[in-house]
Amino acid sequence: MRLINSVDWQPVGVESLEPAADDVVRSTCSTLVVAGPGAGKTELLAQRACYLFQTGKCPSPKRILSISFKRDAAKNLGQRVAFRCPDSAHDFDSFTLDAFAKGTVDRFSAGLVDDWKPSSGYEVMLHNPRAKDLRPWLLNAGVTARRLQSLNDQDLELKFDHISHGIELPYDGAEVKAGQRRLGLRWWKEQLEKPAGTPSLTFPMINRLAAYLLRTNPKIKKALQETYAFVFLDEFQDTTAAQYALIQECFEGADSVLTAVGDGKQRIMLWAGARRDVFEIYSTDFEATRYDLVRNYRSAPALIEMQNIIAESLEAGAVQVTSGRDDLSGGTCEVLEFRTPETEAAYLADYIGFQIVSEGKSPRDFVIIVRQKANEMIVLLQAALDVKGIRLRDETLLQDLLVEPVAAFIVLVLRLGTRNRDVAAWADLVDQLELLMGSAAEREIEKVAQQLKQYVLNEVEKGQSLWHLLEGIVDVVGKAPFINTYSQYFSGDFLDFTITGLANALEGAATPGKSPRDQVNELCGEDIIPAMTVHRSKGLEFDTVIFLGLEDSSWWSFSDQPEEEKKSFFVAFSRAIERVYFTFSDVRDTRWGRRRQRQSQIGDLYTVLDRAGVAKRDLR
Ligand SMILES: Nc1ncnc2c1ncn2[C@@H]1O[C@H](COP(=O)(O)OP(=O)(O)OP(=O)(O)O)[C@@H](O)[C@H]1O
């Protein structure tokens, strides 16, 4: 790769960056970028990676470590970098922090003293333990029944979260109370001794374990710091205490330069332990300079004005943002009011149908967002759209599956083997193989790509079902390259788990009479409207956002945590490029049957919409 002089370097793939973003891209010191939705925070990180690689500021074998808080965000950033500077993509490691922590523990577990070593083949516990399981455990561990009775479930779980992963290992700090130490050590001992195949460690616990491993193994820590000259932290507002402790353990005091980007107004993970003070503490610990960005490159101007008003209601004095695009005008937001969910579904299906048939929109231009339980909320709309031949599905589970590198790889091969020509899939597959096969020559890589495609063509010709081909596809390159390239597969189980999950999803897509090509399309959801919760929609963007049910029952936790709920509302609103619709139905089906709906508990949301000039349309 020919190096570019840093003065001559220009952003890649976008016309320009706003001045503050350009400063951050070229910065030699640690920085904190605070900016609203659509400001190009993720894009800024992709540009900085290009700058560092293309100007030789991050020469091989130095690497960039990029930490995102969601798997699809990690994949998205990795792809943006691979697209812009393919020559250096192999020096860019894009992980979620949880995957990075697990990779560290799995790879270097020999560095842990025996008392703190997880059993080989340990499994991740995907949820923190619940009060109903904790009560007997705590009683058994010597906590009095009276003390337990004095705590409601929520308080008990919060206290236990602190004991199990809120304290630095090995619980020897002077500030740790004796009771916490005793319970914490007992909990860890039992979990670490759980046999392989039994979920035993939560991700916050794995974060703590990784931090402990690095603290007690200075050589490993030094090697990590020397490898990663630059570190990116995306969606930084949602960093939890255990995650921050790991980042601090890895890089505080090192020469590595950190770039953190985030938006306090989109902090919607407080329930999962996100630290409110993470911007301030990071700025102090890493002597990071703060930059605020003032453009929005996503939404139409009228939507940006509304977002400014909502932002002000979330954060007094919030930076007022202007459009960074001159190709977009207008923008619409409305609240649509219905008598029943049936009339709501019929209206929306007509609207979407018209937009697709007459206005040239595609199903992927739309998203249906709900506060929770996407699968239940969309049933009626799904049926109304079905009649028009338009598909809508809850993408909650598939989203996680399809962003997995091994799943993405298999899907590319299946695409190539089930259609005549797919230039983009071929190029993506070659890129993937380059990553997996490391130093293999270009000719060798092309040969393997051809072999993969031919394998699927032959098997499909023989009438073999697609879901039976997945192991065969992976076997062409072998599992080892996946395990060596992607840290989440180090322990092996997760690789098999992902392949099986994909096989199940493909089997589900194989309805009678559907061609292999259509089965792959179905899996990827190419012609299907996605439905998801607000949390799942973070970081994504769509032409039209339809939020179903701006009603008290969907937002039942609003009165307990109004700040976080308002931020969720802001996240949903800000996913839209051109249009946002909120719906309200006088009645809605809940788990207690059909219930009358009100807007009283979430009155604040309606007040702010009103202030932003959002009209209500009565469609009763
Ligand atoms: N400098 C730029 N010029 C043109 N388009 C840009 C620029 N920066 C970002 N974009 C585009 O704007 C959109 C939003 O960018 P990005 O996803 O990076 O924003 P973000 O700040 O991370 O948003 P959010 O916090 O809402 O997830 C994307 O479509 C991106 O390609």
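To keep things clear, this report deals only with the structure shown in the data block. (Residues numbered from 1 in each chain as written. Predicted model: local features only at pLDDT ≥ 70, side-chain atom pairs only at ≥ 80, totals over all residues. Heavy atoms only, no water.)

Our next topic: the overall build of the protein chain. Within the protein chain, the regular secondary structure consists of 27 helices and 19 strands. If you line up the protein chain on its principal axes, its C-alpha atoms span 70 × 65 × 55 Å. Buried residues in the protein chain amount to 53% of all 620 residues. Long-range pairs, those at least 24 residues apart, make up 78% of the contacts in the protein chain with a sequence separation of at least 6. Split by element, the accessible area of the protein chain, about 27,700 Å² in all, is 50% carbon and sulfur. Counting 74 positive and 88 negative side-chain charges, the protein chain places the centres of these two groups 3 Å from one another. (Helix = DSSP H or I, 4+ residues; strand = E, 2+ residues; numbered from the N terminus. Buried < 20%, exposed > 50% of the residue type's maximum accessible area, 1.4 Å probe, protein only. Contact = heavy atoms within 4.5 Å. Areas by Shrake-Rupley, 256 points an atom, 1.4 Å probe, with all protein chains shown as cover. Lys, Arg positive; Asp, Glu negative; His and termini not counted. Charge placed at Lys NZ, Arg CZ, Asp CG, Glu CD.)

Contacts to the ligand come from 18 residues, most closely from S16, K41, T42, R298 and E541. S16 is positioned with one of its backbone polar atoms (N or O) 2.8 Å from a nitrogen atom of the ligand. Considered on its own, the ligand offers 640 Å² of accessible surface; in the complex 84% of this is hidden by protein. With three residues, the single largest contributor to the shell around the ligand is helix α2 (residues 41-54). (Near = heavy atom within 4 Å. Polar contact = N/O pair within 3.5 Å; in protein donor to acceptor, adjacent residues only side chain to side chain.)

Attention now moves to the sheet that holds strand β14 (residues 528-533). Spatially, β13-β14-β12-β15-β16-β11-β19 is the arrangement adopted by the seven strands of the open sheet, whose pairing is parallel. The strands lining the two open edges of the sheet, one partner per strand, are β13 (391-394) and β19 (615-618). Neighbour-to-neighbour, the strand axes of this sheet turn through a mean angle of 25°, independent of strand direction. In the sheet, strand β12 (residues 366-370) pairs with β14 via three bridges, with the strands oriented parallel. (Pairing = 2+ DSSP bridges. Axes fitted to C-alpha atoms, helices over the stretch in contact; angles between N-to-C directions.)

This part is about the packing of helix α9 (residues 203-216) against helix α10 (residues 218-227). Two elements in contact, α9 and α10, have axes separated by 5 Å at closest approach and are oriented at 105°. By the angle between their axes, α9 is roughly perpendicular relative to α10. Residues L213, L214, R215 and T216 of α9 form the contact with α10, whose own contacting residues are P218, I220, K221 and L224. (Parallel < 35°, antiparallel > 145°, perpendicular 65-115°, else oblique.)

Using the criterion set out here, one finds 20 aromatic pairs in the structure. By way of ring pairs, the aromatic residues F547, W555, F569, F573 and F582 are connected into one cluster. Note that R186 overlies the ring of W137, its terminal NZ or CZ placed 6.0 Å from the centroid. (Phe/Tyr/Trp six-rings, centres within 6.5 Å; stacked < 30°, edge-to-face > 60°. Lys NZ or Arg CZ within 6 Å of the ring centre and 35° of its normal.)

This part covers helix α11 (residues 241-251). Residues spaced three or four apart along an α-helix point in a common direction, a consequence of the helix completing one turn every 3.6 residues. Taking burial as the measure, the eleven residues of α11 include nine buried ones, the bulk of the element. Buried residues of α11: A242, Q243, Y244, A245, L246, I247, E249, C250 and F251, and no others. Just downstream of α11, G253 is the residue with a positive phi angle, here 85°.

Our focus in this paragraph is unusual backbone geometry. Cis rather than trans, the peptide bond between S60 and P61 has omega equal to 5°. Here P61 lies in the loop between α2 and β2 (63-68). A cis amide bond, omega 5°, links L169 with the succeeding residue P170. When you line up the elements, P170 lands in the loop between α7 (153-165) and α8 (178-192). Its identity is not glycine, yet E235 carries a phi of approximately 50°, on the positive side. Position of E235 relative to the elements: it lies in the loop between β6 (228-233) and α11. Looking at E235, the relative accessible area reads 16%, which means it is buried. Although it is not a glycine, K373 sits at a positive phi angle of roughly 50°. Secondary-structure assignment places K373 in the loop between β12 and α15 (374-377).

As a further point, take the packing of helix α21 (residues 470-477) against helix α23 (residues 493-509). At a minimum axis separation of 10 Å, α21 and α23 run at an interaxial angle of 140°. Here α23 runs oblique to α21, going by the angle between their axes. Side by side, α21 and α23 meet where L470, E471 and V474 of the first sit next to I499, L502, A503 and L506 of the second. Partitioning the contact of α21 with α23 into residue classes produces six nonpolar, no polar and one charged. (Nonpolar A, V, L, I, M, F, W, Y, C, P; charged D, E, K, R; others polar.)

What follows covers the side chain of N207. Among the structural elements, N207 can be located in helix α9. Excluding residues that lie within four positions of it along the chain, N207 makes contacts with L97, D98, A101, A242, Q243 and L246.

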